[in-house]
Amino acid sequence: MISQATHRIMACLRDTLKRLRHPPAEELGLEACLVDLVDSWRSGNATQPMIQLDLKGDLADVRGALARQGLSENDLHAGDALIFRYGWARFWTEPAKYNTEQPGIGLEVARWVADRGLCLTAADTPSMEVVPNRDASLAFPVHGELLTKHGILNHENLVFDE
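None of these values were measured; they are calculated from a predicted model. (Residues numbered from 1 in each chain as written. Predicted model: local features only at pLDDT ≥ 70, side-chain atom pairs only at ≥ 80, totals over all residues. Heavy atoms only, no water.)

### Some words on the overall build of the chain
Put simply, the rule is: By the criteria applied, helices consist of DSSP H or I runs no shorter than four residues and strands consist of E runs no shorter than two, each listed in order from the N terminus. Residue exposure (1.4 Å probe, protein chains only): buried if accessible area is under 20% of the type maximum, exposed if over 50%, otherwise partly exposed. Between two residues, a contact is recorded if the distance between any of their heavy atoms is within 4.5 Å.
Of regular secondary structure, the chain possesses 6 helices and 4 strands. The order of helices and strands in the chain, counted from the N terminus, is α-α-β-α-β-α-α-β-α-β. When burial is assessed residue by residue, the chain has 43% of its 162 residues classed as buried. In the chain, once contacts between residues fewer than 6 apart in sequence are set aside, the share between residues at least 24 apart is 78%.

Take a look at the structure:
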């Protein structure tokens, strides 16, 4: 499933980069790593993934998910894309839920992405970051960190579960 999802995402990213007049993903040497946070939230008896909004969106969440997939941050290289699957797309037909509180990454992960030289982040949520932000004095700091400070593209509202 992850392999198929990764192939679909890569096709979507290539299309997006083409529309934005970026070089083709192949020329960029773009590799993608899917961080599957849904599998880490399944309960023993659940048939549907559980969505936990109490995740902090911190580096421990990302490292934990990577470890459960048999990966580590050393598997990510400069120029790679990091894709987050939360299972949130299943709420697309419920706008009141889809567009309110949602899981995502925090500023710590955004800085880590930039420090690693990754070129793109993507998720199946309306925003890359945890909404609402844990710090009420900040408005979309992850977008500011990734896009404005570092030119790292965000691709949001993706669907992985079809």
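That shown, we press on.
### As for the pattern of salt bridges
The cut-off we apply is this: Salt bridge criterion: a side-chain nitrogen from Lys or Arg within 4 Å of a carboxyl oxygen from Asp or Glu.
One pass over the structure, following the stated rule, counts 5 salt bridges. One salt bridge in this structure joins E73 and R116, with 3.7 Å as the shortest N-O distance. Of this pair, E73 sits in the loop between helix 3 (59–68) and strand 2 (81–85) while R116 sits in the loop between helix 5 (107–115) and strand 3 (120–123); the two residues are 43 residues apart in sequence, bridging distant segments of the chain. When its relative accessible area of 24% is taken as the criterion, R116 is described as partly exposed.

### A few points about empty space enclosed by the protein
Threshold: Only protein atoms enter the 1 Å grid, on which a cavity is a set of points fitting a 1.4 Å probe that cannot get out and a pocket is an open set with protein on both sides within 12 Å along at least 5 of 7 lines, lining residues being those with an atom within 4 Å of a point. Grid points are joined across faces, edges and corners, and a volume is the space filled by probe spheres set on the points. Three classes are used, and their members are as follows: Ala, Val, Leu, Ile, Met, Phe, Trp, Tyr, Cys and Pro are nonpolar, Asp, Glu, Lys and Arg are charged, and the others, Gly among them, are polar.
The final tally for this structure, using the stated rule, is 1 cavity of 30 Å³ or more. Each pocket or cavity is described by its volume, and for the largest cavity that value is around 60 Å³. Counted by class, the lining of the largest cavity contains 9 nonpolar, 2 polar and 2 charged residues.

### Some details on the packing of aromatic side chains
This is how the line gets drawn: Each Phe, Tyr or Trp ring (for Trp, its six-membered ring) is paired with any other whose centre lies within 6.5 Å, and the angle between the two planes then decides the class: stacked below 30 degrees, edge-to-face above 60, tilted in between. Lysine and arginine charges are scored as sitting over a ring when NZ or CZ, respectively, is within 6 Å of the ring centre and within 35 degrees of the ring normal.
Evaluated as defined, the whole model comprises 3 aromatic pairs. For the pair W88 and F91, a centre-to-centre distance of 4.8 Å together with 70 degrees between the ring planes defines the contact as edge-to-face. An identical accessibility class is assigned to W88 and F91; each is buried. On the numbers, 5.1 Å between centres and 80 degrees between planes, the contact of W92 with Y98 is edge-to-face. One Lys or Arg, K97, reaches over the ring of F91 and ends 4.8 Å from the middle of that ring.

### What about the packing of helix 5 against helix 6 (residues 141–150)?
Cut-off, in case you're wondering: With axes taken as lines fitted to C-alpha atoms, and helix axes fitted only over the stretch in contact, angles between N-to-C directions fall between 0 and 180 degrees. For this classification, under 35 degrees means roughly parallel, over 145 means roughly antiparallel, 65 to 115 means roughly perpendicular, and everything else is oblique. Helix crossings are classified by the rotation of the near helix relative to the far one: an anticlockwise turn of less than a right angle makes the crossing left-handed, while a clockwise turn makes it right-handed.
Contact geometry of helix 5 with helix 6 gives a least axis separation of 8 Å together with a crossing angle of 20 degrees. By the angle between their axes, helix 5 is roughly parallel relative to helix 6. Viewed along their axes, helix 5 and helix 6 form a crossing whose handedness is right-handed. Across the interface between the two elements, L107, A110, R111, V113 and A114 from helix 5 touch P141, V142, E145, L146 and H150 from helix 6.

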